[in-house]
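# What the coordinates show
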There are 2 protein chains.
Amino acid sequence: MSAAAVFAEKGFHGSSTRDIAERLGIKQGSLYYYFKSKEEALGEVCLFGIEEYVHRMQDIAASDQPFEAKLMATVASHLSSYRERNEALKVYNDERLYLPEERRTRLKQLGSQYRRQLEGIFEQGKESGVLRPSVDCHFAAQAVIGLCNAWGDIIVRDPDTNVFDITQKCVDLLLNGFAERRKTTRTQ
Amino acid sequence: MSAAAVFAEKGFHGSSTRDIAERLGIKQGSLYYYFKSKEEALGEVCLFGIEEYVHRMQDIAASDQPFEAKLMATVASHLSSYRERNEALKVYNDERLYLPEERRTRLKQLGSQYRRQLEGIFEQGKESGVLRPSVDCHFAAQAVIGLCNAWGDIIVRDPDTNVFDITQKCVDLLLNGFAERRKTTRTQ
DNA sequence: CTAATGTTCTATCACTCTATAGAATTTCAC
DNA sequence: GTGAAATTCTATAGAGTGATAGAACATTAG
C-alpha cells in the first residue's frame, strides 16, 4: 500500500499510475492486477488512513473514564495516527473529495460518526460539571478535530516533533485556554 | 481571476486549462494571453488568497491595542478572509505545494511572517499578564492558525455559517478553554 | 515433472494534456 | 475611416494519460 506515499506527495491527479508503479518496483500495467482503477487505490489509501483512529474512538467513547481522560485519549490517538499513518492520513484529508460518490459518502459517514462521538464526550463533560454549561459541543468537537489535523500536518512535515508534548498542550488549551485565571472569576 | 474557483473545486492537477478557459468564457488557447503557464496562474491565485489577511496582520501587530483586542482582530480577519476569498484561500492551503520552488518559498515567507507576528502578539499577552507565563507562543500561534483554517474550511463549504459567532467562540476557547473555572484555581 | 495458479511483463489503444504559432477579430485613439 | 494595439480564435505539435489484452515468467501442490 505504498501508493499512499505517491498520492501524499503529488496529489491524486498529480500522481500517474507510472509513478505509483515505479514506487512499488513494478511496471505500470502490472498495477491493474491489484487495483481495478486508480480511484479504487485512492479509496483504499483513504480508508486505511482513518480506520484506526475511528476504531479507537469507539473504545474511548464506550469506556467509563472521566471526561478529561477521554479527551486526552482522543487527542493522543488522533495525533499518534499522524505518526503511524502520516501519508495515508494526509491523502484522506486532502484527496478524498476526488473519490467517486459512493465511496466518498462511506468515508464521510465514518468522519461524521467520529465527530458525533466526540460531541458525546463533550456532552458528558458538561453533565459532569467539568465543562462550562455554555460550551457548544458541536463547535468544540470541530475545534478538536481541526486542531489535531493542523498539528498532524506539522507532525507529518517535521518528524522531530514531540507528539506527547503537543498532545498535552492541545488538551491544556482545550480545557484551560491560554489566559491567566483571574481572582474575580465566576465560580459555580 | 476566476481560475481560483476551478482550482478550488478540482485541484491544480485536476483542473485542465480547458476547464479554466470554459469558466472564463474563452477558448483554451486564449488563456496564454494572460498567463505564461498554468503554474503561474496558480501562483497568482495563491498570492491573492493570503495577501489581504497577511496585510491586515501588519496593521494589527503594529497597533497599540491590548492583547485581547489583537487576538480578536486576528481571528476575525482570518475568518472573514475565508468569506471574501474562499476559493483562493482554499487553493493556497491545498495546492501551494505544487508551485515551482521560487514562488513557493516567497509565499512561505509571507506565511512565516504572519506566524511570527502572531507569536509576537502572544508574547505581548504574556508580558501584560493576561496570559499564563507557561504559554508556548509558537504552539499558540500555530493553534490559532490551525483553528482558523479548520473553521475556514467549514465556512467555505457552508455559506450559512455565522462567522461572527465562530469568531467569538474561537477567541473564547483560546483565552478560557472549555472547562469550568474551579474555586481552587491557582491565582497569580 | 505436470498442471494450475499467481504475478509481472510488453505493447498498444484511444484520449487528454499544456503550450505555441499565426490568423482573425475587436477596441480605441486620432 | 485608418492604423495600431489588444484580445480571442483555430489548429496543431508533442508528450503523457489510464486502462486492457495477452504473452511470459514464477510459485506451489499433487
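Remember, it's a predicted structure, so these values are computed and weren't measured experimentally. (Residues numbered from 1 in each chain as written. Chains lettered and ligands numbered in written order. Predicted model: local features only at pLDDT ≥ 70, side-chain atom pairs only at ≥ 80, totals over all residues. Heavy atoms only, no water.)

## Side note on the confidence of the model for chain A
Residue and element names in this part refer to chain A. The line we're drawing: The predictor's confidence in any single residue is recorded as pLDDT, a number from 0 to 100. When checking whether two residues touch, look at their non-hydrogen atoms; a contact exists if any pair is within 4.5 Å.
Per-residue confidence for chain A averages 93 on the pLDDT scale, and 96% of its residues sit at or above 70. Confidence drops under a pLDDT of 50 for residues 183-188, and excluding neighbours within four residues, the segment shows twelve contacts in the predicted structure. Overall fold confidence for the complex sits at a pTM of 0.90, while the interface term, ipTM, reaches 0.88.

## Regarding helix α3 (residues 38-62) of chain B
Residues and elements named next belong to chain B. This is how it is decided: Only runs of H or I of at least four residues qualify as helices and only runs of E of at least two qualify as strands under DSSP, and these elements are numbered from the N terminus. One less than the number of residues in a helix, times 1.5 Å, gives the span that helix is expected to have. To get the bend at a residue, fit one axis to the 7 residues ending there and another to the 7 starting there, then take the angle between the axes. Partly exposed describes any residue whose relative accessible area lies between the buried limit of under 20% and the exposed limit of over 50%, with all areas from a 1.4 Å probe on protein chains only and scaled to the type maximum.
Helix length check: α3 (25 residues) gives 37 Å between terminal C-alpha atoms against 36 Å at 1.5 Å per residue, within 8%. Most pronounced at glutamate 51, the bend in α3 amounts to some 35 degrees. Within α3, burial applies to Glu40, Ala41, Leu42, Gly43, Val45, Cys46, Gly49, Ile50, Tyr53, Val54, Met57 and Ile60. Taken together, the buried residues of α3 touch α1 (3-10), α4 (67-84), α5 (86-95) and α6 (101-127).

## Here's the deal with a nonpolar patch on the surface
Selection criterion: Here, patches come from residues exposed beyond 30% relative accessible area and free of salt bridges, joined within 9 Å for like charges and within 5 Å for nonpolar side chains (Val, Leu, Ile, Met, Phe, Trp, Tyr). Surface accessibility follows the Shrake-Rupley procedure with a 1.4 Å probe radius. Residue values consider only the protein chains on display as shielding. Salt bridges are counted wherever a side-chain nitrogen of Lys or Arg sits within 4 Å of a carboxyl oxygen of Asp or Glu.
On the surface, a nonpolar cluster with roughly 460 Å² of combined accessible area is contributed by B:Leu24, B:Ile26, B:Tyr33 and B:Tyr34. Relative to the elements of secondary structure, B:Tyr34 occurs in the loop between α2 (17-24) and α3.

## A few points about the pattern of salt bridges
Using the criterion set out here, one finds 26 salt bridges over all chains in the structure. Among the salt bridges present, the one from A:Arg85 reaches A:Glu52, with a minimum N-O distance of 3.4 Å. Here A:Arg85 is found in the loop between α4 (67-84) and α5 (86-95), whereas its partner A:Glu52 is found in helix α3 (residues 38-62), with 33 residues between them in sequence. A relative accessible area of 25% places A:Glu52 in the partly exposed class. When the shortest N-O distance is used, the salt bridge between B:Lys10 and B:Asp19 registers 3.6 Å.

## Examining the protein's contact with DNA strand C
Using the following cut-off: If even one non-hydrogen atom of a residue comes within 4 Å of a molecule or strand, that residue is called near it. Polar contact is defined as a pair of N or O atoms within 3.5 Å, subject to the rule that within protein one atom must be able to donate a hydrogen and the other to accept it, and that residues adjacent in sequence are counted only when both atoms are side-chain atoms. As a working rule, the residues Ala, Val, Leu, Ile, Met, Phe, Trp, Tyr, Cys and Pro are called nonpolar, Asp, Glu, Lys and Arg charged, and the rest polar, with Gly in that last group.
Every one of the 15 residues lining DNA strand C counts as a neighbour, but A:Lys27, A:Tyr33, A:Tyr34, B:Thr17 and B:Tyr32 are closest to it. The sugar-phosphate share of atoms of DNA strand C within 4 Å of the protein amounts to 67%. Taking A:Lys27, its main chain carries an N or O atom lying 2.6 Å from a phosphate oxygen of DNA strand C. B:Lys38 has a polar side-chain atom sitting 2.9 Å from a phosphate oxygen of DNA strand C. For the surface near DNA strand C, a count of residues per class yields four nonpolar, eight polar and three charged.

## Looking at the state of the cysteines
Rules: The disulfide criterion used throughout: a pair of cysteine sulfur atoms within 2.5 Å.
In the structure shown here, the tally under the stated rule is zero disulfides over all chains. With no disulfide of its own, A:Cys137 lies 16 Å from the sulfur of B:Cys170, the closest cysteine sulfur. The structure places no disulfide on A:Cys170, whose sulfur is separated from the nearest cysteine sulfur, that of A:Cys148, by 5.8 Å.

## Quick notes on the packing of aromatic side chains
This is how the line gets drawn: Planes of paired rings set the category: under 30 degrees apart is stacked, over 60 is edge-to-face and the rest tilted, where pairs are Phe, Tyr or Trp rings (Trp by its six-membered ring) whose centres lie within 6.5 Å. A positively charged side chain is recorded as over a ring if its NZ (Lys) or CZ (Arg) lies within 6 Å of the ring centre. The angle to the ring normal must also be within 35 degrees.
What the rule picks out here adds up to 14 aromatic pairs over all chains. Considering the side-chain rings of A:Phe178 and B:Phe139, the 6.4 Å spacing of their centres and the 85 degrees angle between planes classify their relative orientation as edge-to-face. In this pair, A:Phe178 sits in the segment after α8 (163-176) while B:Phe139 sits in helix α7 (residues 137-157), so the two residues belong to two different chains. Taken individually, A:Phe178 and B:Phe139 each receive the classification buried, so the pair is uniform in this respect. Pairing B:Tyr33 with B:Tyr34 gives two aromatic rings, centres 5.2 Å apart and planes at 85 degrees, and the pair type is edge-to-face. Within the aromatic cluster, the residues linked to one another by ring pairs are A:Phe67, A:Phe122, A:Phe139, B:Trp151 and B:Phe178. Lying over the aromatic face of A:Tyr92, A:Arg96 brings its terminal NZ or CZ to 4.3 Å of the ring centre. Here the guanidinium or amino end of B:Arg85 rests over the ring plane of B:Phe48, the centre of that ring lying 4.0 Å away.

## As for the relation of the copies chain A and chain B
The line we're drawing: The least-squares superposition of copies is restricted to C-alpha atoms, and to residues with a pLDDT of at least 70 in both copies.
With an RMSD of 0.1 Å, the operation that places chain A on chain B is a rotation of 180 degrees combined with a shift of 0.0 Å along the axis. These values place the two chain copies in the arrangement generated by a two-fold rotation axis. If distances are taken from each C-alpha of chain A to the rotation axis, the shortest is found for A:Gly177, at 1.9 Å. Comparing contact sets, 100% of the residues at the interface of chain A also lie at the interface in chain B, consistent with an isologous, same-surface contact.

## Observations regarding the environment of A:Pro159
For A:Pro159, the location among the structural elements is in the loop between α7 (137-157) and α8. Taking relative accessible area as the criterion, A:Pro159 reaches 57% and is therefore assigned exposed.

## Observations regarding the protein's contact with DNA strand D
Among the 15 residues in the neighbourhood of DNA strand D, the closest are listed as A:Thr17, A:Tyr32, B:Lys27, B:Tyr33 and B:Tyr34. Among atoms of DNA strand D positioned within 4 Å of the protein, sugar and phosphate together represent 62%. A distance of 2.9 Å is found between a base nitrogen of DNA strand D and a side-chain nitrogen or oxygen belonging to A:Gln28. Split into classes, the residues belonging to the surface near DNA strand D amount to four nonpolar, eight polar and three charged.

## Some words on the side chain of B:Gln142
By the element assignment, B:Gln142 lies in helix α7. Overall, the relative accessible area of 17% leaves B:Gln142 in the buried class. Ignoring any residue separated from it by four or fewer positions in sequence, one finds B:Gln142 in contact with A:Trp151, A:Ile154 and B:Arg115.

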